[in-house]
Structures are given as C-alpha cells and as structure tokens.
Amino acid sequence: MQLSLGPTQAQLDSCVTCGLCLPHCPTFRLTGDETASPRGRLTAMGAIAEGAVAADEVYARMLSFCLQCRACEAACPSLVPFGQMMEGARARLARERPTTTGRIRRLLVGKLLNLKWLLALVTSGVGLVQRLGIMRLLPRRMRLARGLRRQRVFPHSAVGVHDVAPAVPAGSVALLAGCVMDQWFPAVHDATRGVLSMAGYKVDSPETQRCCGALAAHEGAERDAARMAERNVTALQGYDYIVSDAAGCSAHLKDYGHWAEGGGSVAARTRDITEFVAELIDTGRLPEVDGDGGEVAIHDPCHLRHAQRIVDAPRKIVRAAGHTPVEIDPDGLCCGAAGLYMVYEPDTAEALGERKREQVEMAGPTTVVSANPGCEIQLRAHLGKGYRVLHPIELYWEALNR
Ligand code: SF4
Ligand code: SF4
C-alpha cells in the first residue's frame, strides 16, 4: 500500500492560523515561543513543502520538541489532523536528513521493540537492577528508571493466551498485548481479561500479533510502522472486537486506515478498554460496586483524551468500582511521558511531570488512575512513595474481587 501520511497541501491549507490551539500546547505554554507551538510547526511544515526553506537542524528541532500529544488537534476548530501531519513530517525528515541519533531511535522502536526475546532480556536486566537496589543511585534525570523503581518488572507475556470460551459467548475479543505493555504491565492484562470474561466475551491474544507500531510511527519509521500494521491486520482478523488496554496503542490502531491495506477494518473494531467497559457498565452487563472506596485522582492520557476524545469512560469505571473520581487537570495537559520523549527530552518531561505531581498533591487523593503505561511510569517517577498509580481497569477488577 502506498503510504500517504502527509502533510498534504490540503491539510496545510486547513490551518487558518487562528492560534486557538496555542494555550492547549504544553511546549508553547512552557516556552511562550511560536516555534514551539502547533501553528509555528505547521507554518514550518508549509515552508518545507513549498521548498522555501531547507529541512535544517532548526526545523528538526521544532519537530522533535513536539510531544505529539494532539491537544492542539482536539482544540482546533478547523479539524487540522496535526498528529498524522507530524508523523508524515517526521518520516519525510528521516528520509531527507537522516541523523545517527534518529537512526538509533528508529532502530529501537521500529525493529528492537518487536523482538520479544530481547525485550524479555532487557526486562530481566531491569528486574535484576531493581532487586540489587541500585536504581536509586541513578541520576534524577533518568525519570524512566525512577518510575520503574516503583514498579516490579519481570519477563512476562500475554501473547498466545486463549481464555476458555463461555458456553454462549457475547462475542470474541482479540487483546492487543503490546510491547512494553506486555512485559511490564501483566496485572493490567490480567484485569482486562478478567473483566471481559466476566462480561461473557471470549478473549484471545493471538500469537502472530506484533507491537502496534505507534512508537515507530511517532519517530518517523514509516516503513516499520506499516509492516507492523500489515502483520496485525492479518493477526487480528476474525475477531468481533480488538481491545487495547494502553491508550497510545488503541489510538494508533484506530489510525490503521492510513497504515495498511485492510487497516480500516481493524480501526472500526478497535476499542480502548475504558470505552468498552464503560459501555458494558451502562448497559448493565457489568455491575457497579457499592461502597465508599474513597477518592481517586484521574489522569487523562493524551492519546485517550485528545486523540480518541474519551473523557467520561475512566470516570465511570472509577465510580463503578465504588470510588469518587477527583479531577486534577481541567486542561488535560501532557504529563511529559510521551513515548520516548521522557528519555530524549528529559528537561521538558521533568517540568511537565512536576506540574502533574503538584496537581495530584493539591487534589488530595493518594490513588491515581491512568490508562496508559508511559503515563503510569511517569507518574510513579514523580509521585512519592505514599502514592498508588494504576490503570482504571485494575481498580475495577480489584473492586469486583473484593
Ligand atoms: S491548528 Fe487549528 S487551532 Fe491551531 S492555528 Fe491552525 S486552525 Fe487555528
Ligand atoms: S502535539 Fe502537543 S506538543 Fe505538539 S504541537 Fe500539538 S499540542 Fe503542542
């Protein structure tokens, strides 16, 4: 399939430069600099498309400083598809101005993340470092490591697990295992399978599936992202629903129409676990738990709130688990995790993570839910030991088992 990610002239023309997106952009809010704003980035993409300027280091920096949080897209009255345009612009830059760092990043997310044995080896290494207690010696800037310090990791995989079908299943679900999600968040997958089985679904995690390709797409590794999408279109066929319990992955699966032949079918059948379960609660097919389990702070992952516009579902799940949801951020600004961003832009990630920590502390609850693995790691890195961070589906599954 011929990829047509853009940015196309029609997409570029759809920006009327009104600036309404600017207050919603984390990098603009931090810097006040037009070149760190959605409008500035779109203007630069337009200048490159016209050939008016060369794709130089300044342009590369403008693109890489973007978190790809898509808050601008959600705020834009002209429906500018910023996320897709940024993926296309990064892919074009990778082709025309490849750098060593860019190549390494694309190798990591385009190839290495797909090697289950390698991920298991890395996971074992991280687990060993955790057990030796030397993670706390790592510098503060290594927030990823600090987040992992508060989260035990061990090699694990949900791939190949096929739950026993109920006598009359409500339907079939393919659980997208994911890459890091599969290795480092087994409890979330267990909760997802448990809840869906309770609602009468037959849940499989097909063996031939691959990483969804979201991180590869974000880094401009377009060929790798397309290959992963093609593999998954085949692996996920035949299921009524495809469910992901990582918001970044469900958002990307819903964009598969751009990435692979037959991708539109995957997109149409994909549900984020939060929206799927909220609907089952609404229709009475999953119960609401009585009781006062206390307040729970809601962190909205960007790829749930801005990319998929799912806002009510996690709150509904928290209420159904017998807790009271508490808002922490009316703007839904990015926590700074943003895939690999927290690794290669540690200062910005740090500033946004600290902002989120202050908001959680001011709100009061010591339990925080977030429906995306990167955000969970970032929140754990910034919040103190007294805090508990988990996926809304884990909270609900816990309540159902109480
Ligand atoms: S991206 Fe949308 S909101 Fe932002 S300046 Fe362009 S038209 Fe306005
Ligand atoms: S994706 Fe996020 S960081 Fe990038 S321009 Fe849009 S709002 Fe700003």
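The structure displayed is predicted, hence computed values, not measured ones.

Thresholds applied
Residues numbered from 1 in each chain as written. Chains lettered and ligands numbered in written order. Predicted model: local features only at pLDDT ≥ 70, side-chain atom pairs only at ≥ 80, totals over all residues. Heavy atoms only, no water. Helix = DSSP H or I, 4+ residues; strand = E, 2+ residues; numbered from the N terminus. Buried < 20%, exposed > 50% of the residue type's maximum accessible area, 1.4 Å probe, protein only. Contact = heavy atoms within 4.5 Å. Lys, Arg positive; Asp, Glu negative; His and termini not counted. Charge placed at Lys NZ, Arg CZ, Asp CG, Glu CD. Near = heavy atom within 4 Å. Nonpolar A, V, L, I, M, F, W, Y, C, P; charged D, E, K, R; others polar. Pairing = 2+ DSSP bridges. Axes fitted to C-alpha atoms, helices over the stretch in contact; angles between N-to-C directions. Core = buried A, V, L, I, M, F, W, Y, C linked by side-chain atoms within 4.5 Å. Polar contact = N/O pair within 3.5 Å; in protein donor to acceptor, adjacent residues only side chain to side chain. Domains from an automatic or database assignment. Buried area = accessible area lost by both parts, 1.4 Å probe. Left-handed = near helix turned anticlockwise from the far one by under 90°. Patch = residues over 30% accessible without salt bridge, like charges linked within 9 Å, V, L, I, M, F, W, Y side chains within 5 Å. Areas by Shrake-Rupley, 256 points an atom, 1.4 Å probe, with all protein chains shown as cover. Salt bridge = Lys/Arg side-chain N within 4 Å of Asp/Glu carboxyl O. Phe/Tyr/Trp six-rings, centres within 6.5 Å; stacked < 30°, edge-to-face > 60°. Lys NZ or Arg CZ within 6 Å of the ring centre and 35° of its normal.

## Digging into the overall build of the protein chain
Then, in step 1: Looking only at helices and strands, one finds 22 helices and 8 strands in the protein chain.
Then, in step 2: Across its three principal directions, the C-alpha atoms of the protein chain cover 65 × 45 × 45 Å.
Then, in step 3: When each of the 402 residues of the protein chain is scored for burial, the buried share is 57%.
Then, in step 4: The contacts of the protein chain with a sequence gap of at least 6 include a subset with a gap of at least 24, amounting to 75%.
Then, in step 5: Here the protein chain contributes 45 positively and 44 negatively charged side chains, and the mean placements of these two sets differ by 6 Å.

## Examining the site of ligand 1
Then, in step 1: The local shell around ligand 1 consists of Cys-15, Val-16, Thr-17, Cys-18, Gly-19, Leu-20, Cys-21, Leu-42, Cys-76, Pro-77, Ser-78 and Val-80.
Then, in step 2: Partitioned by chemical class, the residues of the shell around ligand 1 number 9 nonpolar, 3 polar and no charged.

## What to know about the site of ligand 2
Then, in step 1: Taken together, the neighbourhood of ligand 2 is formed by 13 residues, with Cys-25, Arg-41, Cys-66, Cys-69 and Cys-72 sitting nearest.
Then, in step 2: Going through the elements one at a time, α2 (26–31), α3 (38–50) and α5 (71–75) are the ones with two or more residues in the shell around ligand 2.
Then, in step 3: Taken together, the residues of the shell around ligand 2 sort by class into 9 nonpolar, 2 polar and 2 charged.

## A look at the sheet that holds strand β5 (residues 295–298)
Then, in step 1: Spatially, the 4 strands line up as an open sheet ordered β6-β5-β7-β8, and their pairing is parallel. Single-partner strands in this sheet number two, and they are β6 (324–327) and β8 (388–390). For this sheet, the mean inter-axis angle between neighbouring strands, taken without regard to orientation, is 35°.
Then, in step 2: As defined by bridge partners, β5 adjoins strand β7 (residues 367–369) across 2 bridges and the pair is classed as parallel.

## Regarding the nonpolar core
Then, in step 1: With 66 residues, the main nonpolar core has Leu-196, Tyr-201, Val-277, Leu-286, Ile-393 and Tyr-396 as its most contacted residues.
Then, in step 2: Beyond its immediate stretch of four places on either side in the chain, Tyr-201 contacts Pro-166, Ala-170, Gly-171, Ser-172, Val-173, Leu-196, Tyr-241, Phe-276, Leu-280 and Arg-285.

## Re helix α4 (residues 57–64)
Then, in step 1: Burial in α4 covers these residues: Tyr-59, Ala-60, Met-62, Leu-63 and Ser-64.
Then, in step 2: The secondary structure elements touched by the buried residues of α4 are α3, α6 (82–96), α7 (100–110) and α19 (341–344).
Then, in step 3: Where α4 begins, the side chain of Asp-56 points an oxygen toward the backbone nitrogen of Val-58, at a separation of 3.3 Å.

## With respect to the domain arrangement of the protein chain
How big an interface is tends to be stated in terms of accessible area lost as the parts join.
Then, in step 1: Per the domain assignment, the segments making up the protein chain are domain 1 (9–98) and domain 2 (285–401).
Then, in step 2: On a C-alpha basis, the centres of domain 1 and domain 2 stand 27 Å from each other.
Then, in step 3: With 17 residues of domain 1 at the contact, the number on the domain 2 side is 17 residues.
Then, in step 4: Around 1,300 Å² of area is buried between domain 1 and domain 2 when both sides are counted, 59% of it from carbon and sulfur atoms.
Then, in step 5: Summed over the three residues of domain 1 that lose the most area to domain 2, namely Arg-29, Leu-30 and Leu-67, the buried surface amounts to 36% of that side.

## What to know about the environment of Leu-112
Then, in step 1: Mapped onto the secondary structure, Leu-112 falls in the loop between α7 and α8 (116–132).
Then, in step 2: Look at Leu-112 and you get partly exposed, because its relative accessible area is 30%.
Then, in step 3: Counting along the chain gives 80 residues from Leu-112 to Gly-32, while the straight-line C-alpha distance between them is 37 Å.
Then, in step 4: Here Leu-112 is in contact with Leu-107 and Leu-118, once residues within four sequence places are set aside.

## A look at the packing of α4 against α6
Then, in step 1: Contact geometry of α4 with α6 gives a least axis separation of 11 Å together with a crossing angle of 145°. Handedness of the crossing formed by α4 with α6: left-handed. For the pair α4 and α6, the contacting residues are Tyr-59, Ala-60, Leu-63 and Ser-64 in the first and Met-86, Ala-89, Arg-90 and Leu-93 in the second.
Then, in step 2: When grouped by side-chain class, the residues that make up the contact of α4 with α6 number 6 nonpolar, 1 polar and 1 charged.

## A word on the sheet that holds strand β4 (residues 270–272)
Backbone-to-backbone hydrogen bonds join strands into a sheet, with any given pair of strands oriented parallel or antiparallel.
Then, in step 1: Taken together, 4 strands build an open sheet; the order of strands is β2-β1-β3-β4 and the sheet is parallel. With one partner strand each, in any of the chains shown, β2 (201–204) and β4 form the two edges of the open sheet. The mean angle between the axes of side-by-side strands here comes to 35°, regardless of whether they run parallel or antiparallel.
Then, in step 2: The pairing of strand β1 (residues 171–175) with β2 spans 4 bridges and is classified as parallel. Across the sheet, the residue bridging to Ser-172 is Lys-202, located in β2.

## Observations regarding a nonpolar patch on the surface
Then, in step 1: Nonpolar side chains collect at one region of the surface, where Leu-115, Trp-117 and Leu-121 lie side by side and expose about 340 Å² of accessible area between them.
Then, in step 2: By the secondary structure assignment, Trp-117 is in helix α8.
Then, in step 3: The exposed category is assigned to Trp-117, whose relative accessible area is 59%.

## Regarding the packing of aromatic side chains
Then, in step 1: Across all of its chains, the model carries 4 aromatic pairs by this definition.
Then, in step 2: Linked through ring pairs, Tyr-201, Tyr-241 and Phe-276 together constitute an aromatic cluster.
Then, in step 3: The positively charged end of Arg-105 is found above the aromatic ring belonging to Tyr-344, 3.5 Å away from the centroid.

## Side note on the pattern of salt bridges
Then, in step 1: Taken as a whole, this structure holds 24 salt bridges when the rule is applied.
Then, in step 2: Across the pair Asp-204 and Lys-202 runs a salt bridge whose closest N-O atoms are separated by 2.7 Å.
Then, in step 3: One salt bridge in this structure joins Lys-356 and Asp-329, with 2.8 Å as the shortest N-O distance. Taken together, the residues span a long stretch of sequence, with Lys-356 in helix α20 (residues 346–363) and Asp-329 in the loop between β6 and α19 at a distance of 27 residues.
Then, in step 4: Among the residues examined, Lys-356 registers a relative accessible area of 2% and is labelled buried.
Then, in step 5: Three or more residues are tied together by salt bridges with common partners; here these are Asp-300, Arg-305, Arg-315 and Glu-327.

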